[in-house]
Amino acid sequence: MQRPLEGMLVVDLTRYLPGAFASSELQRLGARVVRLEAPDGDRMRSTAPGWFDALNAGKESVVCDLPAEAAFARALLDRADVVLESFRPGVAARLGVGPDDAPARAVYCSITGFGLGGRHEQRAGHDLNYLGWAGALEDTAPALPPVQVADLAAGALGAVTEVLAALLAGGGARIVVSMTHGSHRFVSHRLAGDPLPRFLTGGLACYRAYETADGRLLTVGALEPVFFGRLCELLGRPELAERQFAGEQEELAAELAQVFSRKPLEHWLAVFEHEDVCVGPVATLAEAAADLDTPPPGRAAKLGEHTERWRGELGL
């Protein structure tokens, strides 16, 4: 693993998932990360302690009561190469840790719900709201997405992308990331029209999850005719291949579902193991972690564990 950010300091003022994931990615790339927390800490410590540990292991925790201790916070910001914050627009500045309070050479990144200047700028929201405003849930609501796309992709990874680009350009940037606008970019290519209705969101029989005999689910993503044709051959139903993109997709899906329902998941995985058919399991989180060799989560620092050390280092 390359660590191109080795020697850089990230000061993370954020709360909840987006900022924590963003700074964990910057940490993975070599940066030293200091979480600047209020006296009562990031609320994720109490609402989702397991998540907090997983996303904050290896980071330092400094307690700072803003705006009363803004001088302490600004002294820390003066050391930063990157600053992350996720308050509503204007709040960081009122607390004394806004863009103008960071050194000019630093990359200061604000992760927001709706960006700056629009009619939603001060609107409260969470991941589901941003995805709704972005048009990303049109095909699948009221079902909820299995991953917090606005938080983790549009917000966190969007911020990481912009931060890395700014560092590559020499730093000294002021960045605003909108989770709603970022989420809309994920679906805006569809404004030109889908090849078929709900093309990758349940409209095609060849791109779905099917239940097997033991109640497990199998993912079928056989979009290319060569994959779907081979799949149908292995199912003993080669005649279904010619109906891949025809009308009556629900009828085709029902026939495929009937075949898959006859055998358990492991049977089908064995059948497709060495075949190019784009088929796989709906694995549990535990199964996926074992298969992908995911290391066990570490422990996050205790609230304020590094406060006195930083006060000493800053001469305060």
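Computed from a predicted model, the values in this text were never measured in an experiment. (Residues numbered from 1 in each chain as written. Predicted model: local features only at pLDDT ≥ 70, side-chain atom pairs only at ≥ 80, totals over all residues. Heavy atoms only, no water.)

**Student:** I keep staring at the layout of surface pockets and nothing clicks. Help me out?
**Tutor:** One way to see where empty space is left: roll a probe the size of a water molecule over the atoms. Of the pockets and cavities examined, the largest pocket occupies roughly 1000 Å³. Contributing to the lining of the largest pocket are 41 residues, with Arg 15, Tyr 16, Ser 86, Phe 87 and His 126 lying nearest its centre. Listed by contribution, the elements that provide at least two residues to the lining of the largest pocket are helix H1 (16-28), strand S2 (32-37), helix H2 (44-47), strand S5 (107-112) and helix H6 (127-134). Residue classes in the lining of the largest pocket are distributed as 22 nonpolar, 8 polar and 11 charged. In this model, the second largest pocket occupies a volume close to 860 Å³. Lining the second largest pocket are 23 residues, and of these Phe 21, Ala 54, Leu 55, Thr 294 and Pro 297 sit closest to its centre. Looking at the lining of the second largest pocket, the elements with two or more residues in it are H1, helix H3 (49-56) and helix H12 (285-291). Along the lines of polarity and charge, the residues of the lining of the second largest pocket split into 15 nonpolar, 5 polar and 3 charged. (1 Å grid on protein atoms, 1.4 Å probe; cavity = no way out; pocket = protein on both sides within 12 Å on 5 of 7 lines; lining within 4 Å. Points joined across faces, edges and corners; volume = space filled by probe spheres on them. Helix = DSSP H or I, 4+ residues; strand = E, 2+ residues; numbered from the N terminus. Nonpolar A, V, L, I, M, F, W, Y, C, P; charged D, E, K, R; others polar.)

**Student:** Sorry if this is basic, but what is going on with the packing of H1 against H3 here?
**Tutor:** Relative placement of two packed helices is described by the angle separating their axes and the distance separating the axes. Two elements in contact, H1 and H3, have axes separated by 9 Å at closest approach and are oriented at 30°. It follows from the interaxial angle that H1 and H3 lie roughly parallel. In this structure, H1 uses Leu 17, Ala 20, Phe 21 and Ser 24 to contact H3, whose residues at the interface are Trp 51, Leu 55 and Asn 56. (Axes fitted to C-alpha atoms, helices over the stretch in contact; angles between N-to-C directions. Parallel < 35°, antiparallel > 145°, perpendicular 65-115°, else oblique. Contact = heavy atoms within 4.5 Å.)

**Student:** Which parts of the structure should I look at to understand the sheet that holds strand S8 (residues 217-221)?
**Tutor:** Backbone-to-backbone hydrogen bonds pair the strands of a sheet. The strands run either parallel or antiparallel. Spatially, S7-S8-S9 is the arrangement adopted by the 3 strands of the open sheet, whose pairing is antiparallel. For this open sheet the edge positions go to strand S7 (207-211) and strand S9 (279-281), each flanked by a neighbour on one side alone. Put simply, the sheet's adjacent strands are angled 25° from each other on average, direction ignored. As paired elements, S7 and S8 share 5 bridges and run antiparallel to each other. (Pairing = 2+ DSSP bridges.)

Read these as spatial facts, not as claims about activity.
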